[in-house]
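# Structural description and commentary
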Amino acid sequence: MTRRTLVSVACALIASACGGGSEASTGAGAGPAARFDLVTGDAQSAVVGTDLPNALVVRVTDAQNRPVPGQVVNFVVTAGGGHPFAGAANTNGDGLAQERWTLGTTAGAQTLEVRSVDAATGQPRTWATFHATATPGAARAIVISAGDNQSGTAGLALTSAITAKVSDQYGNPVSGIVVAWAAVAGGGSLAPPTSTTDAAGIAQSTWTLGGVAGANGATATVTGIGSVTFQATGTTGAAGRISVAAGDAQTGIVGDVLATQLRARVTDANGNPVTGATVAWATPAGSGSLGNTTTTSDASGIALASWTLGTTSGAMLATATVTGAGTATFHATATAGAVARMVNVSGGGQTALVTTTLPQPFVAQVIDRFGNPVSGATVTWTVLVPSSATLSAMTTVSDAAGMVSSRATLGTRAGSNQATAEFNGLTTIFGWEATGGPPAALVKATDRIVDVAGGQDPIVVVVRDVYGNGVEGALVTWSVLSGGGSVAPSSSLSGTGGDVYATWTLGTVAGANSVVASVNGISATITGTGLRGDATQLVMVSGDGQTATAGSQLPGDPTVRAFDQYGNAVPFAIISWSTLAGGGSLSSVSSATLVGGTASTHWTLGPASGAYSIVARLASTTAQPSVTFNASATAGSPSAYRVNVLDGDGQRIRAGGRFTTCSIGILTPVTVEVTTPAGAPVSGVTVNFSGEATTADAVGRASGRPFACNQTYGVQGFVVNVGSGAATAVFTSFVTASGSGLVATLAPSGQTGRVNTELPQPLVLSCYDINGGPSTSCGVTLLGPGGLRLVPERYPPGQTAYYWLLGPQLGTQTVQAIPTPNTATATATP
């Protein structure tokens, strides 16, 4: 079979590949397509979306460069979009095939490939590529490209240029289009005012914002197409200027705050208010002070400060400064304030004879509270009684320096005299001395001195002339007439008012005293009375060394006498009585000395035989002197009774009255129960409640209402005796007075003693009311075991003392004052 026959057969089998049938599709004598050449139509240019001006022509030849007719040629767009008209064409007898190409809508390079199916292998082949350039169409739109919605400092160019893009109907950038730029809001300008789009269709301009902070607008316009609007915000620039807004040129009183606050305005270079600028406020020396040294400007650019003027009248300055923006200066005038003081300038302290005129006038100055002179103030002059002087002017008006003056002519009164200058209650005093004649009388300034024996008291006499004026420089002598004692000094010169002072020490024996003062044959006698002093000594009188049957009362009462430091017997001194050894009981735990200074108690011995002792203490001194009595008990019958306090113990009572419950104010008796040692009730026996006796009832009970110790505040103890006194019971009360806002203190704190023993020093409770005066409404409480026993001796007002019996535990023990939680502690040792 011939070659042509084989080709014909192949083409017949794959007609689609050869583009036709049999011999006609390959052409006479032509072999299979071996080459495709672009004849015309390559590298054309046209507007996007339009047909290229020239057809695409391809020549197909075989291996011997012979045209291949009837060859199917496919045209496929591979870049840029667009499309061929038919997509395929058959070559003619000259081996030529033609196609039309409509470009895509995207500007730029576009390609179309020439393809076929290889007749021999059936494989696709790309033989050649047509190229074309799509150019943008006519400008149809303008849009914002970049630079919209920027913020920048008002009056300055934005950091980024604003750009607009011009495109054709397919959005392809169009170059060479003139864009006009214009500011349409907020002022400002654009440079250049027109620009031409580049290859990317972009035109740009630099936008300088208007000087006023706020919204700005600019447009980009293409004639015949339209425009776009850019927005921008102009912000306030850096502080560039500070100026006075309000508060300048005020007038105020020295030291006062000006009525209007200082207001400084901070703006940028374009006059926009600057928010948050730091303003430094200052005043030079003497111009007062500002409420703040730095403040911050508000949204209106305003910074405020209050100005307190200086204390010296005159012109004053204040400044407000912002770094880099300058300084604003405020002015004010400070005037003198109201008269605040009257100053004694000169004229006081002069000396002259009576009836003469003082050589110098009295000069005063009226000034405000800072010492600035005040003019125009009317000052009133007054001579103080009993001076008989007259003044040259009774009213004067202060001059520019605030000065006023008046001169005094003396009367007949010698000694110290005074005149005043007064303005609206402000006064200054001028004093002078008028000298008089010789001594004519001696007047007692003090007399009838009453003090403790041996006490020291000042005494005074006055030397006067015939007119009653005090005589200065007269020699007065002193001498004791009665009662002993002494006067010091024994002689002295009278002072400017004729006064003569001395110290009189009374004699040590209580009774009448007298002393005489003499000058130039004139005398005056001063009398005095020496009183007994506080008790400081305690002496045993009787009752020591007695012997009696156990459980019985001693026949002789233990008796003591209290003396002061000079041996004068002291009545009304409080003596405390307490047992030391052997037990037993006393009729009272405290008693007051009688007129002769003596005090006593009934002593009932205990039920056991042996040695007994009691102690009497005097509480009027810190040392608390004491006397000890001893007695011996012989064997006797045991007590037939026991006494138990059932009710009324520990009440709060008012001083000097019967026992009461202060909350309801009614009399409440103390109730006891009398029993046999075995506990059976005993009726019909006499029960003595510290002097008030009653009889036990059928169940052994008895009640009494004794009086409290007269005005002795604090814890008090009372004894109940039954029968012969062998059976006793003790009950206590707390004597108080009403009060509020009390302060209680305890001292001393920090003592040391053995457990279950009394401390050597009494615990003193001091009570004061809200006015600092002594009160009797305080109490004490023991925090823990142990006991407190009232010291009945007399203490200063507001003070009460207690014997403190330590409890059995070792270490710190505490007593607390009532109502204030002041405490005292002690250390208990084994």
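Below or above, wherever it landed, is the structure these notes cover.

The rules behind the values
- Residues numbered from 1 in each chain as written.
- Predicted model: local features only at pLDDT ≥ 70, side-chain atom pairs only at ≥ 80, totals over all residues.
- Heavy atoms only, no water.
- Helix = DSSP H or I, 4+ residues; strand = E, 2+ residues; numbered from the N terminus.
- Buried < 20%, exposed > 50% of the residue type's maximum accessible area, 1.4 Å probe, protein only.
- Pairing = 2+ DSSP bridges.
- Axes fitted to C-alpha atoms, helices over the stretch in contact; angles between N-to-C directions.
- Patch = residues over 30% accessible without salt bridge, like charges linked within 9 Å, V, L, I, M, F, W, Y side chains within 5 Å.
- Areas by Shrake-Rupley, 256 points an atom, 1.4 Å probe, with all protein chains shown as cover.
- Salt bridge = Lys/Arg side-chain N within 4 Å of Asp/Glu carboxyl O.
- Contact = heavy atoms within 4.5 Å.
- Phe/Tyr/Trp six-rings, centres within 6.5 Å; stacked < 30°, edge-to-face > 60°.
- Core = buried A, V, L, I, M, F, W, Y, C linked by side-chain atoms within 4.5 Å.

Before going further, it helps to spend a moment on unusual backbone geometry. Residue Pro-386 follows Val-385 across a cis peptide bond; omega there is 15 degrees. Mapped onto the elements of the fold, Pro-386 is located in the loop between β33 (378-383) and β34 (390-391). In this structure, Pro-489 follows Ala-488 across a cis peptide bond, with omega equal to -5 degrees. With respect to the secondary-structure elements, Pro-489 resides in the loop between β44 (486-488) and β45 (491-493). The phi dihedral of Ala-43 is positive, around 65 degrees, even though this residue is not glycine. Within the secondary structure layout, Ala-43 lies in the loop between β1 (35-40) and β2 (44-47). Unlike most non-glycine residues, Thr-355 shows phi in positive territory, near 70 degrees. Along the chain, the position of Thr-355 falls in the loop between β31 (350-353) and β32 (362-367). Accessibility expressed as a relative area gives 53% for Thr-355, which makes it exposed.

The next point concerns the sheet that holds β33. Strand order in this open sheet of five strands is β31-β39-β38-β33-β35, and the pairing throughout is mixed. With partners counted over all chains shown, the strands left at the sheet margins are β31 and β35 (395-397), one partner each. Neighbouring strand axes in the sheet, compared pairwise and without regard to direction, differ in orientation by 30 degrees on average. Sheet analysis places β33 next to β35, joined by three bridges and oriented antiparallel. Residue pairing for β35: Thr-378 is matched across the bridge by Val-397.

With that settled, the discussion passes to a nonpolar patch on the surface. A surface patch of nonpolar side chains, about 230 Å² in accessible area, is lined by Val-450, Val-452 and Leu-531. Within the secondary structure layout, Val-450 lies in strand β41 (residues 449-452).

Bringing the environment of Gln-98 into the picture now. Along the chain, Gln-98 turns up in strand β7 (residues 96-99). Sequence-wise, Gln-98 and Thr-40 are 58 residues apart; in three dimensions their C-alpha atoms are separated by 9.4 Å. Aside from chain neighbours lying at most four places away, what touches Gln-98 is Ala-55, Leu-56, Val-57, Phe-75 and Ala-89.

Moving on, we get to the pattern of salt bridges. Within the structure shown, the criterion is met by seven salt bridges. A salt bridge links Lys-444 to Asp-447; its shortest N-O distance comes to 3.0 Å. Looking at Lys-444, the relative accessible area reads 36%, which means it is partly exposed. With relative accessibility at 31%, the residue Asp-447 sits in the partly exposed group. Glu-758 is the partner of Arg-789 in a salt bridge, and the nearest nitrogen-oxygen pair spans 2.8 Å. Here Arg-789 is found in strand β73 (residues 786-791), whereas its partner Glu-758 is found in the loop between β70 (751-754) and β71 (763-768), with 31 residues between them in sequence. According to the relative accessible area criterion, Arg-789 is partly exposed, its value standing at 29%. Owing to a relative accessible area of 33%, Glu-758 belongs among the partly exposed residues under this scheme.

Here the focus is the sheet that holds strand β51 (residues 559-563). On the basis of which strands lie adjacent, the open sheet formed by three strands has the order β49-β51-β55 and antiparallel pairing. At either margin of the open sheet sits one strand with a lone partner, and together these are β49 (537-542) and β55 (598-600). Each strand of the sheet is rotated relative to its neighbour by a mean of 30 degrees, with strand direction disregarded. In terms of strand pairing, β49 meets β51 through five bridges, oriented antiparallel. Residue Gln-537 lies in a different strand from β51, and its bridge partner there is Phe-563.

This part takes up the packing of aromatic side chains. Per the stated rule, a full pass over the model turns up seven aromatic pairs. Seen from their ring centres, Phe-36 and Trp-127 are 4.4 Å apart, and the 20 degrees between their planes marks the pair as stacked. Here Trp-127 lies in strand β10 (residues 124-135) and Phe-36 lies in strand β1, a separation of 91 residues in the sequence. The interplanar angle of 40 degrees and the centroid separation of 6.1 Å between the aromatic rings of Trp-577 and Phe-629 together place this pair among those described as tilted.

Another point: the nonpolar core. One finds Ile-242, Val-279, Trp-281, Trp-307 and Phe-330 to be the most contacted residues of the largest nonpolar core, which totals 24 residues. Taken together, the elements giving at least two residues each to this core come down to β22 (262-267), β23 (278-282), β26 (302-305), β28 (314-322) and β29 (326-335).

With that out of the way, let us pick up the pairing of strand β42 (residues 456-464). As paired elements, strand β40 (residues 441-444) and β42 share four bridges and run antiparallel to each other. Residue Leu-442 lies in a different strand from β42, and its bridge partner there is Val-463. When β42 meets strand β46 (residues 499-505), the two strands line up antiparallel, connected through seven bridges. Bridge pairing in β46 links Val-461 to Val-500.

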